[in-house]
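Results of the structural survey
One-letter residues, chain by chain:
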Amino acid sequence: SRGWIDSMRTGDTGIGYTFESLVGVKENNDQGADFHGIELKCKLKRDRRSATGKVNLFQLAPRWSASQRGIERLRMLGQPNADGRYTCYSQVSTTANNLGLWLQAQLPPEGIRLHKDVMQIGTWARDRLAERLAEKHSRAAFVAAESRRQAATTQYKYVELVYCEQPDIQKFIDMVDLRRIVFEFT
C-alpha cells in the first residue's frame, strides 16, 4: 500500500531484502522460516504479467553414492574455468544438461536420483526432501513486485502475495518430473 519504495540494496537480492526489512525481518541464513513461521520469497513481476524466473526454495545436498573428497566430486561434476580452477554452476532437471547431469523422479517410497550420464551418483531420499520442504515451507508467502529505475535508484512496488501452507511432497516430486522445479549446484 506504500507504492514505490527505494531498494535498500543493489543487485538481485534487493527485492527480498527490501521487503523483509519493511516487515521487520533481520537478514539471516537460517534453515527455518523467516517471519513468524512463514518463509518469504520475493520475485519480480515482468510487464504486469505473472512473476517469472527462479525462486530458491531450500538447500539440501544429495546422499552421494561414492565416498569422495569435495575436490574430487567437484572435478567429476564441474568444469575448469579460465584460471584452471574447477567450478560447478549447474541447473539440473530431468533432461541431461551440458555436464551430463540429470534427475530421475522415483515412485514412493523413493525420492529423486541424480545421474551423470548413465551412472547414478546420488539420491535425495523422499522422507528427507519432505522433511526439508516442511521445515522451510510449512507456511510460505510468495510476493511479486514491479520494479522501475528512478534516477540512479531501483524502486519496487509490492503488488501480489500468494500464501501457501502444508506442502505436499508428491506434488513437489511431480513438479521435478515436469521440469517446473530444478536443482542447482553452485
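As a convention, each chain's residues are numbered from 1 in the sequence order in which they are written. Reporting of local features is limited, given that this is a predicted model, to residues whose pLDDT is at least 70; pairs of side-chain atoms are given and counted only at 80 or more, and all residues count toward the totals for whole chains, interfaces and linings. Heavy atoms from the whole structure form the basis of all side-chain values; hydrogens and water molecules are not counted.

1. What about the sheet that holds strand E8 (residues 112–116)?
Note the threshold: Should DSSP find at least two bridges between two strands, the strands are regarded as paired. Helix numbering and strand numbering both begin at the N terminus, where a helix is a DSSP run of H or I of at least 4 residues and a strand a DSSP run of E of at least 2.
If you walk across this open sheet you meet the 4 strands as E3-E9-E8-E7, and the pairing is antiparallel. Of all strands in the sheet, those bounded by a partner on one side alone are strand E3 (63–64) and strand E7 (101–105). Strand direction decides the pairing type here: E7 and E8, joined by 5 bridges, are antiparallel. Following the sheet pairing, Trp 102 is matched in E8 by His 115.

2. Observations regarding the pattern of salt bridges
Selection criterion: For salt bridges, the criterion is a side-chain nitrogen of Lys or Arg within 4 Å of an Asp or Glu carboxyl oxygen.
Here the structure, examined in full by the defined rule, presents 7 salt bridges. Here Glu 135 and Arg 132 are joined by a salt bridge, their closest N and O atoms 2.6 Å apart. A residue pair is termed a helical-turn pair when its members lie 3 or 4 positions apart in one helix, as Glu 135 and Arg 132 do in helix H3 (residues 126–137) at 3 residues. Overlapping salt bridges, with partners in common, bring together Glu 39, Lys 41 and Lys 136 in one network.

3. As for the side chain of Thr 123
This is how it is decided: Residue exposure (1.4 Å probe, protein chains only): buried if accessible area is under 20% of the type maximum, exposed if over 50%, otherwise partly exposed. It only takes one pair of heavy atoms within 4.5 Å for two residues to be counted as in contact.
Position of Thr 123 relative to the elements: it lies in strand E9 (residues 119–124). Exposure remark for Thr 123: the relative accessible area of 14% places this residue in the buried category. Not counting residues up to four positions away in its chain, the partners in contact with Thr 123 are Pro 62, Arg 63, Ile 112 and Arg 113.

4. Description of the packing of aromatic side chains
For the record, the criterion: Planes of paired rings set the category: under 30 degrees apart is stacked, over 60 is edge-to-face and the rest tilted, where pairs are Phe, Tyr or Trp rings (Trp by its six-membered ring) whose centres lie within 6.5 Å. Over a ring means this: the NZ of a Lys or the CZ of an Arg is within 6 Å of the ring centre and within 35 degrees of the ring normal.
Taken as a whole and judged by the stated rule, the model has 5 aromatic pairs. Ring geometry for Phe 19 versus Tyr 158: centroids 5.1 Å apart, planes at 55°, classification tilted. Pair noted here: Phe 19 is in helix H1 (residues 14–22) and Tyr 158 is in strand E11 (residues 153–165), with a separation of 139 residues, a long-range link. Taken as a pair, Phe 19 and Tyr 158 share a single burial class, namely buried. Relative to Tyr 158, the ring of Tyr 156 lies with its centre 6.2 Å away and its plane at 40°, an arrangement referred to as tilted. Taking relative accessible area as the criterion, Tyr 156 reaches 5% and is therefore assigned buried. Ring pairs connect the aromatic residues Phe 19, Tyr 156 and Tyr 158, which therefore count as one cluster. Positioned above the aromatic ring of Tyr 17, the side-chain terminus of Arg 9 is 4.0 Å from the ring centre.

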